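Here is what each chain is made of, one letter per residue.
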Amino acid sequence: MSQPGFAQLRAGDIAVVAYNTDTTDSFAWLALCDIPPNTPIHFTNSSVSNGWFRWGDHLGRAVAPGPLTWTSTNGLNAGSVVSWVAGTQKCWSVGSLSGGGLTLSAAGDQIFAYTGTIVSNAGEATPWHGNPSNAVMLFGLNFANKGWDNLNGGDVNTSYIPPGLSTNAHTAVHAGNWDNGYYSGIRTGKVGELLGAIDASTHWTSSADFIDPGQWPSLFLIIRHPGMLMMVE
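If you're wondering where the values come from, they're calculated on a predicted model, not measured in any experiment. (Residues numbered from 1 in each chain as written. Predicted model: local features only at pLDDT ≥ 70, side-chain atom pairs only at ≥ 80, totals over all residues. Heavy atoms only, no water.)

**Points about the pairing of strand β1 (residues 14-20)**
- Extensive coverage of β1 is indicated by the burial of seven of its seven residues.
- Where β1 meets strand β2 (residues 26-31), six bridges bridge the pair, whose relative direction is antiparallel. For Tyr 19, the partnering residue across the bridge sits in β2 and is Phe 27.
- What sits between β1 and β2 in their antiparallel hairpin is a turn of five residues, with Thr 23 showing a positive phi close to 70°.
- Bridging between β1 and strand β13 (residues 180-183) involves three bridges; their strand directions are antiparallel. When the sheet's bridge partners are listed, Asn 20 is paired in β13 with Asn 180. (Buried < 20%, exposed > 50% of the residue type's maximum accessible area, 1.4 Å probe, protein only. Helix = DSSP H or I, 4+ residues; strand = E, 2+ residues; numbered from the N terminus. Pairing = 2+ DSSP bridges.)

**What about the pattern of salt bridges?**
- Under the defined criterion, the tally for this structure stands at two salt bridges.
- Across the salt bridge formed by Asp 57 and Arg 54, the nearest N and O atoms sit 3.0 Å from each other. (Salt bridge = Lys/Arg side-chain N within 4 Å of Asp/Glu carboxyl O.)

**As for the sheet that holds β2**
- Pairing is antiparallel in the open sheet, where six strands are placed in the order β8-β7-β2-β1-β13-β15. The open sheet has two free edges, formed respectively by β8 (90-92) and β15 (204-207), since each of these has just one partner strand. Neighbour to neighbour, the strand axes of the sheet diverge by 15° on average, direction disregarded.
- Its contacts with the sheet place helix α1 (residues 191-198) against β1, β2, β13 and β15, and it is angled at close to 30° to β1. (Axes fitted to C-alpha atoms, helices over the stretch in contact; angles between N-to-C directions. Contact = heavy atoms within 4.5 Å.)

**A few points about the packing of aromatic side chains**
- Counted under the stated rule, the structure contains twelve aromatic pairs.
- Plain terms: the ring middles of Tyr 183 and Trp 204 are 6.4 Å apart, the flat faces sit at 70° to each other, and that makes the pair edge-to-face. Of this pair, Tyr 183 sits in strand β13 while Trp 204 sits in strand β15, and the two are 21 residues apart along the sequence.
- For Tyr 183, a relative accessible area of 0% puts it in the buried group.
- These aromatic residues form a ring-pair network of at least three members: Phe 27, Trp 29, Phe 43, Trp 70, Trp 84 and Trp 92.
- We note Arg 54 situated over the ring of Trp 128; from NZ or CZ to the ring centre the distance is 5.2 Å. (Phe/Tyr/Trp six-rings, centres within 6.5 Å; stacked < 30°, edge-to-face > 60°. Lys NZ or Arg CZ within 6 Å of the ring centre and 35° of its normal.)

**Some points on the side chain of Thr 69**
- Relative to the helices and strands, Thr 69 resides in strand β6 (residues 68-71).
- Here Thr 69 falls in the buried class, since its relative accessible area comes to 9%.
- A polar atom in the side chain of Thr 69 sits 2.7 Å from the side chain of His 42. (Polar contact = N/O pair within 3.5 Å; in protein donor to acceptor, adjacent residues only side chain to side chain.)

Any functional reading would require information beyond the geometric quantities listed.
Right, here's the structure in full:
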């Protein structure tokens, strides 16, 4: 994790703020800090059990393996929202991509964001051999099920919370038992205030049907210091 940008990012520096499991497997995330240029951020929907990722879900699948990676030579300002739309042309709204896209399930799924690497450890029992010890987990969103399940979870539709994330810090969020949704709460505030608001399922607009990404949030004002706003046009 010595590559540029890794050390600057930590849990809560980004948040997933929208998702669709119907029609297209799409989602959007919010930068809660300035993202340095050429900083890769990875996304996967591989589930977790006891700290290990289910390798075949996405990260190590046979065709188009993950993770899905975002990067930008220009970096990204705090308050920016970046969306991934997996339609006819798979692309990020800003920045460049590599890796395989996510296949999100209406029967329950999750999206994890991280820097660094999750690697296969063949010495562990399959399918739980995705080792995140060299990764920094940034955020996790769980949806279309009853929530994080650290007792019985860890199949393809439910998940434990991975190391480094927590519900107390608002970095492991359950958006509700809906196929599609987006955060529709406050868009101005300090980072902690915004994370807390995103963590409330009552602040999400949700549906059993596809939601046009045009309705997703696209502008946030982040208060860095008292009296100072960071505006993204």
